Structures are given as structure tokens and as C-alpha cells.
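What follows is each chain in one-letter form.
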Amino acid sequence: MSASESPVDNGVNVEALLGARQALTEMPAAGQFNWRATCSWVNGTHSKSTVEGFFGLGEEQKHRNTYTFEADHPEVFASEDNAATPVEIVLVGLTSCLTAGVAAVAQHRGIQLKSVDATIEGAMDIQGILGVDSDVRNGFSDIKVSYKIDADATEEELQALVAQSQKRSAVYDIVTNPTNVTVEVNN
Amino acid sequence: MSRCLADRSIDHVVLERGEVANTWKTERWDSLRLLTPNWQCRLPGYAYSGDRPDDFMAVSELVAFIEAYAEEISAPVISQTTVESVRPAQTGYTVETDQGSWAARTVVLANGAFGKAHVPAIADSVPEAIRQLTPGEYRKPSELGTGGVLVVGASATGIQLAAEIQRSGRAVTIAVGEHVRLPRIYRGRDIQWWMDAAGVLDERYDEVDDIVRARKVPSPQLVGTSDRVTLDLNTLTDRGAKLVGRFAGVNDGNAQFSGSLRNVCALADLKQVRLLDRIDEWASEAGLDSEVDAPERFRETVIDDAPSLGLDLNSGEIETIVWATGFRPDYSWLDVPVLDRKGHIRHDGGVVDAPGMYLIGSTFLRRRKSSFIHGAGDDASDLADHLVGFLDDALS
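Residues numbered from 1 in each chain as written. Chains lettered and ligands numbered in written order. Predicted model: local features only at pLDDT ≥ 70, side-chain atom pairs only at ≥ 80, totals over all residues.

1. A look at the overall build of chain A
For step 1, the next point in the chain: Counting its secondary structure elements, chain A contains four helices and five strands.
For step 2, the next point in the chain: Reading the secondary structure of chain A in the N-to-C direction produces α-β-β-β-α-β-β-α-α.
For step 3, the next point in the chain: With respect to the three principal axes, the spread of C-alpha positions in chain A is 60 × 40 × 30 Å.
For step 4, the next point in the chain: Split into buried and exposed, the 187 residues of chain A put 15% on the buried side.
For step 5, the next point in the chain: A sequence separation of at least 24 residues applies to 49% of the contacts in chain A between residues at least 6 apart. (Helix = DSSP H or I, 4+ residues; strand = E, 2+ residues; numbered from the N terminus. Buried ≥ 20, exposed ≤ 12 C-beta atoms within 10 Å, placed from the backbone. Contact = placed C-beta atoms within 7 Å.)

Next comes the structure, spelled out in C-alpha cells:
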């Protein structure tokens, strides 16, 4: 980018992010976050989840609004299809995280974005969840994300943008690496 | 450093736990050769003078080279002397060794950035039947069992060991995290020649965007052999090695590999292209286009459609794991509060955050070449100047 062009604005405050990185390098304890959601069963496979508060930067934080998410299964699973399936919500999580990363990295690298569109697909053999074949895993066997990006950048710069976004993505890490999960009943 | 201190008439000793070039003699595998060509083996006032400038020194040759240099400069080496602690004293430092103690106004930490092989915590979860080795312990393929070998890490060490173990006929799986890919020869010249000539190796620590990150960049996938071949993941997979993602965990005897293999390879491929673009640009500016071969780009790293995400470590498929997961310096003997929470020395280009203490030989200490044989000279000269200034101030 030459200096005469107007400054890049993807709506990402990179200075604030870099400032946060610097602050956390000096005070790593503030980097301990705890993300939360609550989920209540409605009926059948239908549930409603709520996201409101989280812990971070050493104190309790609150979203600007309370956000709710419904989930259900489709009619082909003999469900009512009141909402997206949980696995689709996982795909939404991954692609939203990667897309946010694309914008942030583009801002940092001085690339003006005009449009960013992603299609994400997760392949799954449902013999796993139905218990038909114990050799088939429950989860996705493969996830593919395809980006169409209109930006002031070369093809290689866009490839690098998408690669860096994966490198820095929390959901990408969650999906590609194992995580210990504990589920308890606490009545 | 000793040579630079002697040039400045600074009285000093060099404490060596074993003999000169000890780590090279005792803690490296048999086939290891330098990654830098012989012509690049330069030390202050000394250089390679043999008739194979484009070849790469074997460890035995490097040991002879360093021994000859110690002799040439009459370095005041006190060998067979292990430093047990360095702690602050009234003036300077007290250096305790197994051969008595020393009082020193200044101390230079030159014990190397690659002193201890680093093994991640997941190694503890590997079933006991599997033999685990670090590159410091590994010597040659014939010392391994005949079963499959999992090499963890795809930087210079991992890729070299994977290649020779595979050549020995053993089945090799290589767990690949972030890595740096480089061709050995580019446009007819050694990649080190390009990096040297284009000034990449001289980039200073206070000029790069993010020095913390630059210091963490792993050793590039290179090997120094007489035929000057490029060794990359494609070379290994062409010969039948299996690539898997970063070794992420062990669950109930099952090794778990990250699903990020495709991206870490894409990152390395893209980074290599950016470096070659930079070299091409520099070559044109320097008017070299007619002297060297035409630019070329290398095959993207080939990844299976569905790389394996897990492996049953109790199945017998893997008999040995080699942890090529990097080296760390050993500061267990340093009783001076200069380590940050990650265990790294706090320093500004080798001037440690403790009066009269210096660090040399670590990755990107002052320049990109700092951890190379020929990188020590400029750093040593700068730091010796600083040390002289420190002593002058302290004495005035």
C-alpha cells in the first residue's frame, strides 16, 4: 500500500488489540478468561442457550446484551427443526472465528477488505451417532471452509491472510486439537 | 568472545565443563553436518581454508576447526571444569565450579542456546513399552529397534533424523507443527549465500517488527550434504514417510495429532515463497539476474486428503519416539534473577539485565545470524566493546 492511499479501515481496532497484547505480556494473569453459556431443555431435541457474562481481565464482564441461541435437530431425524443443529452451530463458530481473524489480520497488514464470504461444510457419517458402526466417529470426518475475498491484495497475500487467521483462531484450535471435557450432574 | 576480549586486553578465562567443543563431541548424532557451507565458517580473524568451500563440515571436522581456533588464539580455556553456580557478589559475581571458585567482575553466558533437548509434557503419558529418545541421545538408526519410528518435530533436526531413519528401512511417521521451509540451492547458489548477500542474516534485533517472535522461529528444514540436496516434507513423503499433525496429546494410549497439518504446511509454503520473492527482488536490484539461474518456485507440500489424527501406541506400530521438539538453554546453575516467567534471560541484544553480565550465541541475539558459527563474531565484538565500557565506568 502506498502512503497516498486512504488509510485501511476494516472496522478492527488493531492498536487496541496490540495494546492488549503488550499489557498481557506484562500481566499474564489478566489473560485468564472464562467463557460461559447456560442451556435449558425445551422439548424433544429443542433447547435454548443463553450467553450473558464472562470472566476476563481479572473481573466479571457482561455482554452489551443477553444473547440467546436455540438448537434442535432436523425433521429427517424425526425432530421438529425449531432451530439449527448443534453441529451447524459449531460450524458457525468456526467460520465466524476465522472471519473475524481475517479482518483483524488484514487490518494489521494494511489490506482493505471489500467483502469476505465463507462457505463451511462439515462431512459426517451418522452411523457414528446412531451407534450403527462403532468404528465411525460421532463428529465430523472432515471440515472444509471456502473463502471468497474481495480486497486490495494479491492472491498470495489473501492465502497468507487466511493461513494466519487459522493460526490465531481459538475455535480452529478447539476443533483441531483435543480438549479435556468434564460433564457432571450438580443438583 | 575470548578472542575479542583478548584483543581489548581484558583478562579472562573460559570455563569448559568438558573439552573444547564439548557439546559437539558428546551430544550430537553421528551423521550431523553443519547447515551452513564451509566458506561461511568464519570466526574473528579465522576462516575455513580447505578445498571444499561449498561442502558442509561433519561434526568431527567442526570439532577440529574449533580446537584449531582455540589453539590459534591461545584461548585461556580451563577444561574439565563445571560451573555449579553463578551468584552476585559485592563486586561482580562469584562463580562456583567443581574445581574451586572464581571472582569475576563480568560474566559472559556462552553455554549455548541448544544445551538441553526439550521434551513436551505429553511424553509422560506415552506407554512405557515405547522407547523415547531425544536428539542428544540418538546416535544412528542401527541403534533403534526395527519397528516404526515416530519423529516428533519437522524442523532441521526432525527432518534430518526422519530422513536417515527412513533410509535405514524403518517405517517413519513425522508429526509436523509449525516449521520453516527452505531450498538448499536456489538459482544455483546456496540459500545461505543468498541470505548472507541480501543482508537477511545481518538484520538486527532492534530493527525487526517482533523480536520475541523472531527469536522463536525454529531452525529451517535444511541439511548439509555434499550433494547439496533439498530436504523437505515432500522428499520424505515421496519415499513413503507418513505425515501427521502436531503431537497434541495421548488419551488412553492413543496418540492424538492436530488437524492443523494442512495449515502449518500452507504457512511454511507461503513463507518460503515470500522469502524467495524477496531474494528475487534483491537479485534484480543487485544486477545478478544474468549471472544466476532463473527464479523458480517449489512444489507445495503434499498432504493426504485425510491425514491420520490418531495412532494406537499400544498396537506395536510405533516402537520408538524421537522428540525433535527443540532445544533450550540450561540456566539451572544461574543464581542471578535475570530469567523471565518463561525462563528466558532478560537482555537487550546480549546485554543481560544484571550489571556486567552478557549473553552470547543465542537465536537472534543481536542479528539473525547470531546462533550461526559465523554469527558470533560481530556479536562478540559489540558485546566486548560494551563490556570494556562497563569496566571503565565501574573503575572510574
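There's plenty left to go through after this.
2. Describing helix H1 (residues 14-26) of chain A
For step 1, the next point in the chain: Between its first and last C-alpha, H1 of chain A extends 19 Å over 13 residues, near the 18 Å set by a 1.5 Å rise per residue.
For step 2, the next point in the chain: Summarising burial for H1 of chain A: zero of the 13 residues are buried, a small minority. (Expected span 1.5 Å × (residues − 1).)

3. As for the domain arrangement of chain A
Residues and elements named next belong to chain A.
For step 1, the next point in the chain: Taken domain by domain, chain A comprises domain 1 (30-84) and domain 2 (85-176).
For step 2, the next point in the chain: Between the C-alpha centres of domain 1 and domain 2 the distance comes to 20 Å.
For step 3, the next point in the chain: In this complex, domain 1 contributes five residues to the contact, which on the side of domain 2 involves four residues.
For step 4, the next point in the chain: Classifying every residue of the side of domain 1 that touches domain 2 gives four nonpolar, one polar and no charged. (Domains from an automatic or database assignment. Nonpolar A, V, L, I, M, F, W, Y, C, P; charged D, E, K, R; others polar.)

4. With respect to the environment of Cys39 of chain A
For step 1, the next point in the chain: With respect to the helices and strands, Cys39 of chain A occurs in strand E1 (residues 38-43).
For step 2, the next point in the chain: Separated by ten residues in the primary sequence, Cys39 of chain A and Ser49 of chain A place their C-alpha atoms 4.1 Å from one another.

5. Some thoughts on the sheet that holds E1 of chain A
All names here are of chain A.
For step 1, the next point in the chain: If you walk across this open sheet you meet the three strands as E1-E2-E3, and the pairing is antiparallel. Each edge of the open sheet carries a strand with a single partner, namely E1 and strand E3 (59-71). Each strand axis lies, on average, 10° off the axis of its neighbour in the sheet, ignoring direction.
For step 2, the next point in the chain: Taken together, the nine bridges between strand E2 (residues 46-56) and E3 define a ladder with antiparallel strand orientation. Within E3, the residue paired with Phe54 across the bridge is Gln61. (Pairing = 2+ DSSP bridges. Axes fitted to C-alpha atoms, helices over the stretch in contact; angles between N-to-C directions.)

6. Quick look at the interface of chain A and chain B
For step 1, the next point in the chain: Contacts between the two partners involve twelve residues from chain A and, on the opposite side, 14 residues from chain B.
For step 2, the next point in the chain: The set of elements that each furnish at least two residues to the side of chain A that touches chain B consists of helix H3 (155-167) and helix H4 (170-176) of chain A.
For step 3, the next point in the chain: No other element matches H3 of chain A, which puts six residues into the side of chain A that touches chain B.
For step 4, the next point in the chain: Here the residues of the side of chain A that touches chain B sort into five nonpolar, four polar and three charged.

7. A look at the pairing of strand E12 (residues 172-176) of chain B
Residue and element names in this part refer to chain B.
For step 1, the next point in the chain: In terms of residue burial, E12 counts as a mostly covered element, since five of its five residues are buried.
For step 2, the next point in the chain: Both faces of E12 are covered, namely the face carrying Val172, Ile174 and Val176 and the face carrying Thr173 and Ala175.
For step 3, the next point in the chain: For strand E11 (residues 148-152) and E12, the ladder comprises four bridges, and the chain directions are parallel. When the bridges of E12 are listed, Leu150 appears paired with Thr173.
For step 4, the next point in the chain: You can see the chain leave E11, run along helix H4 (residues 156-167) and come back into E12, and the turn it takes is right-handed. (Right-handed = clockwise from strand over helix to strand, strands pointing away.)

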